[in-house]
Amino acid sequence: MKELLTVGVIGTGNCGGQLADAASGMGFKAIAINASQDDMSNLVNPVDCFMVGDGNGTGKSREEAQRFLNERTSLYKDERLINFILTHDICVVTTSTGGGFGSGTSLEIIKTLADMYPDKLFIPAGVLPFNAEGFTAQNHSVQWLQDLEDMEISYLLYDNDRFEGRTEQEVCEKVCKDFLTDIRIMRGDFVSDTITGGIDPRDLLTVYSTPGRIVSAGLSGVDVDDLSEKSLVKTIKGYIDETSAHADMVDDKQILASATMYCLPDEFDPYKGSVRADVQDLFGSHIGDYANFSDIGKMNADEEPSIAIVLAGLSAPQNRIARLVKRMNKLANDITTRKQSGSKLKGVTTDTPGLKLRSKSFGSTGVRTNANTDHAPGKHVNNSAEEVTKKTKNNK
């Protein structure tokens, strides 16, 4: 295995910061940008931290996040950030799509950095919310996806809701695990020495820079008996469809490029020859299909059989987006209806003369009252019972 590309992770917000922190623990360089000091304090691995705002968060407001970012004019001039960008081929910018800071700033950061460093590749990696989360998370995710669509760039998209019913901690660990595998594939960890079929750094950069969605998966410790229908590619596809943290793929076979890497012992030879054809057949005909396989000597005793695949230029997960929009609209309707039902007093007519009791007015002369309308403005009036009695005698 060898490293072809240098990959760094820029974490935005809490979710993005946690993914960056995990990447740092796996040997990747990482930085975190956030408006919450509490979120920053939870990072345990070596991560360069950049604070914007006052450190008290954004209140889940995308607008506040963008304002804080715009006010931090020195961010892009910081030597740490500059050196980070210059020393990496690819920077993956991670975020929760439904949060406040990351949702509001991750794509803005990418736009700015892409303009400043046109020879570098910046890839957003978003994590969609659980369906059970509230309106803000769904609404922010829709806004983030709309902003992403306008940019026409490559991106990764994970989905918490694929693991509905599990604890949030379990889901976090699953998303993190697959994300780490994906950036290891991106770095070239699954590429082996070969003389008959190889992938070089520019091949990987070509695949990963193809506009559209990226879905990748890597399996280690593969056994012949584990193959689905005796096919390496169907085995990978089964993992993506059933187990992966990536948002559901659309079965439209819209794809532009792929990269396949495997390092397998001789017992897999009967299944290696169909890999290219299976990739084109199962995922759709596409322009570039790069392949790398180990064919130099025998595998070392400590090496595990492995296979990885990268699919690029995929269409957006329209079914998941439709569910996201439907959930957002339902919550909006529920909340609006509830507000309307709680405002029954508005518009109610209270002037109903026919239902008034016709009784004597008790505001006429002779009724004792504490009100004195003859006093001068600002003068204290003391209408005690004793004084009222004196006034009555004098009048007589």
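Residues numbered from 1 in each chain as written. Predicted model: local features only at pLDDT ≥ 70, side-chain atom pairs only at ≥ 80, totals over all residues. Heavy atoms only, no water.

### Side note on the packing of aromatic side chains
Part 1: Applying the stated criterion across every chain, the model contains two aromatic pairs.
Part 2: For the ring pair tyrosine 262 and phenylalanine 293, a centre distance of 5.5 Å and an interplane angle of 20° mean the geometry is stacked. Residue tyrosine 262 is located in strand E8 (residues 257-263), and its partner phenylalanine 293 is located in strand E9 (residues 288-293); the two are separated by 31 residues in the primary sequence.
Part 3: Between the NZ or CZ atom of arginine 80 and the centre of the ring of phenylalanine 50, over which it lies, the distance is 4.1 Å.
Part 4: It is arginine 187 that lies over the ring of phenylalanine 28; its NZ or CZ is 4.1 Å from the centre. (Phe/Tyr/Trp six-rings, centres within 6.5 Å; stacked < 30°, edge-to-face > 60°. Helix = DSSP H or I, 4+ residues; strand = E, 2+ residues; numbered from the N terminus. Lys NZ or Arg CZ within 6 Å of the ring centre and 35° of its normal.)

### Considerations on a negative patch on the surface
Part 1: A contiguous patch of negative charge, built from Asp223, Asp225, Asp226 and Glu267, is present on the exposed surface.
Part 2: Within the fold, aspartate 226 resides in the loop between strand E7 (212-220) and helix H9 (232-242). (Patch = residues over 30% accessible without salt bridge, like charges linked within 9 Å, V, L, I, M, F, W, Y side chains within 5 Å. Areas by Shrake-Rupley, 256 points an atom, 1.4 Å probe, with all protein chains shown as cover. Salt bridge = Lys/Arg side-chain N within 4 Å of Asp/Glu carboxyl O. Lys, Arg positive; Asp, Glu negative; His and termini not counted. Charge placed at Lys NZ, Arg CZ, Asp CG, Glu CD.)

### Things to note about the confidence of the model for the protein chain
Detailed reading of the predicted model is not advised wherever pLDDT is low.
Part 1: Considering every residue of the protein chain, the mean pLDDT works out to 87; 83% of them sit at 70 or more.
Part 2: Note that residues 364-396 has pLDDT below 50 and, in this model, 11 contacts with residues that lie over four places away or in other chains. (pLDDT = per-residue confidence, 0-100. Contact = heavy atoms within 4.5 Å.)

### Observations concerning the packing of helix H5 (residues 101-116) against helix H6 (residues 135-151)
Part 1: Running from amino to carboxyl end, H5 crosses H6 at an angle of 10°, the nearest separation of the two axes being 9 Å. Here H5 is positioned roughly parallel relative to H6, judged by the angle of their axes. In this structure, H5 meets H6 at a crossing whose hand is right-handed. Here Ser103, Ser106, Leu107, Ile110 and Lys111 of H5 lie close against H6, whose contacting residues are His140, Trp144, Asp147, Leu148 and Met151. (Axes fitted to C-alpha atoms, helices over the stretch in contact; angles between N-to-C directions. Parallel < 35°, antiparallel > 145°, perpendicular 65-115°, else oblique. Left-handed = near helix turned anticlockwise from the far one by under 90°.)

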